[in-house]
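Here is how the chains run, residue by residue.
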Amino acid sequence: MTFDSVRVDLGARAYDVRIGPGLIARAGQEIAPLLKRRRVAVLTDETVSGLHLESLRAGLGDIEMTSLALPAGESTKGWPQFSRAVDWLLAEKVERRDIVIAFGGGVIGDLAGFAAAVLRRGVRFVQIPTTLLSQVDSSVGGKTGINSVHGKNLIGAFHQPALVLADIDVLDTLPARDFLAGYGEVVKYGLLGDAAFFDWLEQNAPAMAAGDAGARQYAVRRSVEMKARIVERDETEEGDRALLNLGHTFCHALESATGYSDRLLHGEGVAIGCALAFELSQRLGLCSQEAPSRVRAHLKAMGMKCDLADIPGDLPGAEGLLALMAQDKKVIDGKLRFILARGIGESFVATDIDTGIVRRLLEDALA
Ligand code: NAD
Ligand code: MG
């Protein structure tokens, strides 16, 4: 099997996303053209480091590699580990023309990308995403950053990578729950803009989850293509990029309600949020009843959470969830902004949604 390449065409900031097996083994070949000197600094987490760092070192060949492994998990994505990472890069004498490598999931990608954005006013970086979520979503598009005590992803910068290497082989070590959470973002792409891809997922996603490499490569490629085309149209989220937030207004409220704990992973919240967004679209008379039913049936068939009742522990009531939605940074001038759909693959940005209908939807979903 060979790899695919998707170009993210952003003029002076354009880059390639390579997707396929064996990319870590050939990382040296891929990265060498970007280097002014044969040395890279790798930021990773302890889990990924234990499983895959020696493969990366081997793949880099005679390129000298220095690395720092941060603790695994979302709590790493804050000021303490960020300043540790930046100071380490300076101690390693990373210069303006050097390359930083982000080797891990979205936590490492976001933190390392932001470190690269501010280090010496900006150095280039390469994403080597190791989770399904980071391969299909966070490694592409240039949003980097960390969390604040005031909320998630509130501190950051747009900083596009110089190259992305999505090696589907590393997904073999990903726990099933993390794989399915990443799948929440994959299914989102079909739902937001490609009905044929959703059809394909209905047929092929079970094999993909079971380990089928060809299916994984196709699903990652199609997801990356869709994200790339949207980011090309709207790099800094003035308009269309918001479509990528399908399911996310609900998701952010649920993540906040569950304290960003392992009661609910981000991609799980996205899946539930997509089901709710389609239900809301149907109640608003925008799409047929068949659409939300198909969404829920597919999530169920994949063994994913798709109802509020699938989240362990207590949730706040409808009013509490609405209040959490109103705190989301996607709220503009106090009006709830949702991504809604006229059918599978036909989403659009809707502003000024009546909170009464959302409250009733949540009451029913919590009942
Ligand atoms: P993560 O980076 O925490 O990875 C999940 C877990 O999997 C971690 O414990 C990690 O150590 C482990 N892991 C990673 N690769 C592995 C592998 N190959 N084998 C075994 N274990 C592995 O989380 P994530 O789900 O990848 O990313 C979530 C983060 O991404 C959130 O912080 C979110 O805000 C961010 N995000 C950013 C964007 C963006 O556009 N920048 C988009 C979506 C999400
Ligand atoms: Mg997301």
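Summary of the structure given here. (Residues numbered from 1 in each chain as written. Chains lettered and ligands numbered in written order. Predicted model: local features only at pLDDT ≥ 70, side-chain atom pairs only at ≥ 80, totals over all residues.)

Regarding helix H2 (residues 46-59)
Inclusion rule: Runs of H or I in DSSP of at least four residues are treated as helices and runs of E of at least two as strands, each being numbered from the N terminus. Multiplying 1.5 Å by the helix residue count minus one yields the expected span of that helix. A residue's bend is the angle separating two fitted axes: one through the seven residues that end there, the other through the seven that start there. As a rule, residues whose C-beta atom has 12 or fewer other C-beta atoms within 10 Å are exposed, those with 20 or more are buried, and those in between are partly exposed; C-beta atoms are placed from the backbone. A residue pair is marked as a contact if its C-beta atoms, positioned from the backbone, fall within 7 Å.
Across its 14 residues, H2 extends 19 Å between first and last C-alpha, which sits within 8% of the 20 Å expected from 1.5 Å per residue. For H2, the principal kink sits at His52 and spans about 60°. Residues of H2 that are buried: Val48, Ser49, His52, Leu56 and Gly59. Residues of H2 that are buried sit in contact with helix H1 (27-31), strand E3 (39-45), strand E4 (64-70) and strand E5 (99-104).

What to know about the sheet that holds strand E6 (residues 124-129)
Stated precisely, the cut-off is as follows: Only strands that DSSP links by at least two bridges are regarded as paired with each other. Axes, fitted as lines to C-alpha atoms, cover a helix only where it is in contact. Angles between the N-to-C directions of the axes lie from 0 to 180 degrees.
The strand order E1-E2-E9-E6-E5-E3-E4 describes an open sheet built from 7 strands, whose pairing is mixed. The open sheet has two edge strands with one neighbour each: strand E1 (4-8) and E4. Across the sheet, the axes of successive neighbouring strands diverge by a mean angle of 20°, strand direction being ignored. Summarising the sheet, E3 and E5 pair through 5 bridges and their orientation is parallel. Counted as the bridge partner of Thr44 is Phe103 from E5. Sheet strands touched by helix H4 (residues 106-118): E3, E5 and E6. Its angle to E5, the strand with the most contacts, is close to 165°. Seen against the sheet, helix H8 (residues 213-233) touches E1, strand E2 (15-20) and strand E9 (163-167) and runs at an angle of roughly 10° to E1.

As for the pairing of E2
Taken together, the 5 bridges between E1 and E2 define a ladder with antiparallel strand orientation. Along E2, the bridge assignment pairs Asp4 with Ile19. Counting the residues that bridge the hairpin from E1 to E2 gives 6 residues, and of these Gly11 lies at a positive phi of roughly 60°. By the bridge criterion, 5 bridges tie E2 to E9 in an arrangement that is parallel. Paired with Gly20 across the bridge in E9 is Asp167.

Section: the site of ligand 1
For clarity, the threshold we go by: We call a residue near a molecule or strand if the C-beta atom, set from the backbone, is within 6 Å of it. Each residue is assigned to one class: nonpolar for Ala, Val, Leu, Ile, Met, Phe, Trp, Tyr, Cys and Pro, charged for Asp, Glu, Lys and Arg, and polar for all the others, Gly among them.
Around ligand 1, 29 residues are found, and the nearest of them are Thr47, Gly105, Gly106, Thr131 and Ser138. Looking at the shell around ligand 1, its residues break down into 8 nonpolar, 13 polar and 8 charged.

Some thoughts on the packing of helix H12 (residues 318-327) against helix H13 (residues 355-366)
For clarity, the cut-off: Note on angle classes: values under 35 degrees are labelled roughly parallel, values over 145 roughly antiparallel, values of 65 to 115 roughly perpendicular, and the remainder oblique. Crossings are assigned a handedness: left-handed for a near helix turned anticlockwise from the far helix by less than a right angle, right-handed for a clockwise turn.
For the pair H12 and H13, interaxial distance at closest approach is 9 Å and the crossing angle is 130°. It follows that H12 is oblique to H13 by the angle criterion. The handedness of the crossing between H12 and H13 comes out as right-handed. Here Ala318, Leu321 and Leu322 of H12 lie close against H13, whose contacting residues are Thr355, Val358, Arg359, Leu362, Glu363 and Leu366. Considering only residue class, the contact of H12 with H13 consists of 6 nonpolar, 1 polar and 2 charged.

Quick word on helix H10 (residues 266-283)
Over its 18 residues, H10 runs 25 Å from end to end, which matches the ideal 26 Å to within 8%, given 1.5 Å per residue. Counting buried residues along H10, 16 of its 18 residues qualify, which places the element largely inside the surrounding structure.

Some words on the environment of Ala301
Locating Ala301 in the fold gives a position in helix H11 (residues 290-301). Accessibility expressed as a C-beta count within 10 Å gives 12 for Ala301, which makes it exposed. Sequence separation of Ala301 and Ser148 is 153 residues, and the distance between their C-alpha atoms is 36 Å.

Side note on the packing of helix H3 (residues 79-91) against H4
It is at 10 Å that the axes of H3 and H4 come closest, and there the two elements cross at 50°. Of the possible angle classes, the one that applies to H3 and H4 is oblique. Crossing handedness for the pair H3 and H4: right-handed. On H4, the residues touching Gln81, Phe82, Ala85, Val86 and Leu89 of H3 are Leu111, Ala112, Phe114, Ala115 and Val118. Each residue belonging to the contact of H3 with H4 can be placed in one class, and the counts come to 9 nonpolar, 1 polar and no charged.

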